[in-house]
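Architecture and fold: a report
In case you want the letters, here they are:
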Amino acid sequence: MERDRHKPRLLELQSAAGNGRCADCGQPDPEWASYKLGIFICLNCSGIHRNLPEISKVKSLQLDFWESNLIEFMKKHGNLCAKAKYEAKVPPYYYIPQSHDCLVLKEQWIRAKYEREEFVATQVCQDPCSAGSHEGFLWKRGRESKYFQKRRFLLSAREGVMKYYTKEAKGPKATISIENLNAMFQTEKIQHAHGLQITYNADGQTRNLFVYHESGKEIVDWFNAIRAARYHYLKTTFPTVPESELIPRITRNYVKEGYMQKTGPKQKEAFKLRWFCLDSQERNLTYFKNPL
């Protein structure tokens, strides 16, 4: 078939250095490509690229017909070339999503790279997250109720805290030290595509805030601003520790979460269903009455 005539050349290009994993999320053996950017990408990321028609055009390596001029374009470019251009100035604190991460992280990473060109070498505008400061409104789930209410949040790396307010005229409802602040996307648990869980310690207890923002860009900006604040804290507190060891400690996801049956310490109580969270980095196993 005419469609299969160039397939060997495509597969040869796919196996070249840098092209064996998705250019955006690292998924192995990508079977799609953006012939406008010259990159090899996975099926999931190709769906995001389809929503950027002015910037990216996608084809399947297996199912679509490839003209010889498009193959030559792919040969001259490729993932390593695109990485050198579009990821030249990615800040060390900026979270680069992997294939298992939620859609909003991957979408905003792709948009930041190709649509907004935030990380190209010629970019002179400072990343708004770089100072580890951010201010704005987030929808926060009530502690007693299941409803989300709009709350003002303030993050300041200079002060070393994150605060949120219930009313403009009053002081902060909570002041959270950046020292023990963590953030992770929990879209399924919160049941929102932009759901973010903020965890911290207070009075010897683990506290959780469940928040979201209508804008995917804004919630990812919050996440990376928290990471920037944590990065500045770690660099200041542990100046001799190599950066390669600090980066994984900026934020973290739980290794495992789920329900287990638990009884009391004397084993005389009936077993009750509790939600457990395993945090390997902090060597903690915590449990709650329910996921939220």
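Residues numbered from 1 in each chain as written. Predicted model: local features only at pLDDT ≥ 70, side-chain atom pairs only at ≥ 80, totals over all residues. Heavy atoms only, no water.

Right, let's talk about the overall build of the protein chain for a bit. Looking only at helices and strands, the protein chain features eight helices and 13 strands. In terms of principal-axis extent, the alpha carbons of the protein chain reach across some 70 × 50 × 40 Å. Counting over 292 residues, the protein chain shows a buried share of 46%. Residue pairs at least 24 apart in sequence account for 49% of intrachain contacts in the protein chain once pairs closer than 6 positions are excluded. Accessible area for the protein chain stands at about 16,300 Å²; split by element, carbon and sulfur atoms hold 50% of it. Mean positive and mean negative side-chain charge positions of the protein chain (46 and 33 charges, respectively) differ by 7 Å. (Helix = DSSP H or I, 4+ residues; strand = E, 2+ residues; numbered from the N terminus. Buried < 20%, exposed > 50% of the residue type's maximum accessible area, 1.4 Å probe, protein only. Contact = heavy atoms within 4.5 Å. Areas by Shrake-Rupley, 256 points an atom, 1.4 Å probe, with all protein chains shown as cover. Lys, Arg positive; Asp, Glu negative; His and termini not counted. Charge placed at Lys NZ, Arg CZ, Asp CG, Glu CD.)

As a further point, take the domain arrangement of the protein chain. Per the domain assignment, the segments of the protein chain are domain 1 (6–115), domain 2 (133–252) and domain 3 (254–291). Each of domain 1 and domain 3 has a C-alpha centre, and these two points are 41 Å apart. (Domains from an automatic or database assignment.)

This part is about the packing of aromatic side chains. Counted by the stated rule, this structure contains 14 aromatic pairs. Where tyrosine 35 meets tryptophan 66, the ring centres are 6.3 Å apart and the plane angle is 80°; that geometry is what we call edge-to-face. Of this pair, tyrosine 35 sits in the loop between strand 1 (32–34) and strand 2 (39–41) while tryptophan 66 sits in the loop between strand 3 (58–60) and helix 3 (68–76), placing them 31 residues apart in sequence. Centre to centre, the rings of tyrosine 93 and tyrosine 231 are 6.4 Å apart; their planes meet at 50°, and the pair counts as tilted. Taken together, the residues tyrosine 93 in the loop between helix 4 (79–86) and helix 5 (103–115) and tyrosine 231 in helix 7 (residues 216–237) connect sequence positions 138 residues apart. Under the relative-accessibility criterion, tyrosine 231 is labelled buried at 10%. Members of the aromatic cluster, connected to one another through ring pairs, are Tyr94, Trp109 and Phe119. (Phe/Tyr/Trp six-rings, centres within 6.5 Å; stacked < 30°, edge-to-face > 60°.)

What follows is about the pattern of salt bridges. Taken as a whole and judged by the stated rule, the model has 15 salt bridges. Across the pair arginine 158 and glutamate 159 runs a salt bridge whose closest N-O atoms are separated by 3.8 Å. By relative accessible area, glutamate 159 is classed as partly exposed at 44%. Close ionic contact of aspartate 279 with arginine 252 constitutes a salt bridge, the shortest N to O distance being 2.7 Å. (Salt bridge = Lys/Arg side-chain N within 4 Å of Asp/Glu carboxyl O.)

This part is about the packing of helix 2 (residues 43–50) against helix 5. Relative to each other, helix 2 and helix 5 sit at 55°, their axes nearing to 10 Å. Between helix 2 and helix 5, the angle falls in the class oblique. The chirality of how helix 2 crosses helix 5 is right-handed. In contact with Asn44, Cys45, Ile48 and His49 of helix 2, helix 5 contributes Leu103, Lys106, Glu107, Ile110 and Tyr114. Looking at the contact of helix 2 with helix 5 residue by residue, the class counts come to five nonpolar, two polar and two charged. (Axes fitted to C-alpha atoms, helices over the stretch in contact; angles between N-to-C directions. Parallel < 35°, antiparallel > 145°, perpendicular 65-115°, else oblique. Left-handed = near helix turned anticlockwise from the far one by under 90°. Nonpolar A, V, L, I, M, F, W, Y, C, P; charged D, E, K, R; others polar.)

The subject of this paragraph is the UniProt feature "domain: PH" (unreviewed entry) in the protein chain. When the UniProt feature table is mapped onto this chain, "domain: PH" (unreviewed entry) is found at residues 131–231 and 253–292. For residues 253–292, the end-to-end C-alpha separation is 16 Å, with 0% helix and 50% strand making up the annotated structure. (UniProt positions renumbered as here; feature names shortened; annotations may be inferred.)

Our focus in this paragraph is the nonpolar core. Nonpolar side chains in soluble globular proteins tend to be buried together. Counting 38 residues, the largest nonpolar core has Phe153, Leu155, Met162, Leu181, Phe185, Leu196 and Ile198 as the members making the most contacts within it. When residues of this core are traced back to their parent elements, those giving at least two are helix 5, strand 5 (148–156), strand 6 (161–165), strand 7 (174–177), strand 8 (182–185), strand 9 (196–202), strand 10 (205–212) and helix 7. When residues of this core are assigned to their parent elements, the largest contribution, ten residues, is made by helix 7. Domain assignment of the residues forming this core places at least three in each of domain 1 (6–115) and domain 2 (133–252). Not counting residues within four places of it along the chain, the set of residues in contact with isoleucine 198 comprises Met162, Leu181, Asn182, Ala183, Arg207, Asn208, Leu209, Val211 and Ile226. (Core = buried A, V, L, I, M, F, W, Y, C linked by side-chain atoms within 4.5 Å.)

This part is about the packing of helix 1 (residues 7–14) against helix 3. At a closest axis distance of 10 Å, the pairing of helix 1 and helix 3 adopts a crossing angle of 15°. As judged from the angle between their axes, helix 1 and helix 3 are roughly parallel. Both helix 1 and helix 3 take part in a crossing whose hand is left-handed. Together, Arg9, Leu10 and Leu13 of helix 1 and Ser68, Ile71, Glu72, Met74 and Lys75 of helix 3 make up the contact between the two elements.

Read across the sheet, seven strands follow the order 7-6-5-4-10-9-8 without closing on themselves; strand pairing throughout is antiparallel. The sheet terminates laterally at strand 7 and strand 8, the two strands that pair on one side only. Each adjacent strand pair in this sheet contributes to an overall mean axis angle of 35°, direction not counted. Where strand 9 meets strand 10, seven bridges bridge the pair, whose relative direction is antiparallel. By the bridge assignment, alanine 202 is partnered in strand 10 with glutamine 205. Against the sheet, helix 7 contacts strand 4 (133–141), strand 5, strand 6, strand 8, strand 9 and strand 10, and its axis sits at roughly 120° relative to strand 4. (Pairing = 2+ DSSP bridges.)

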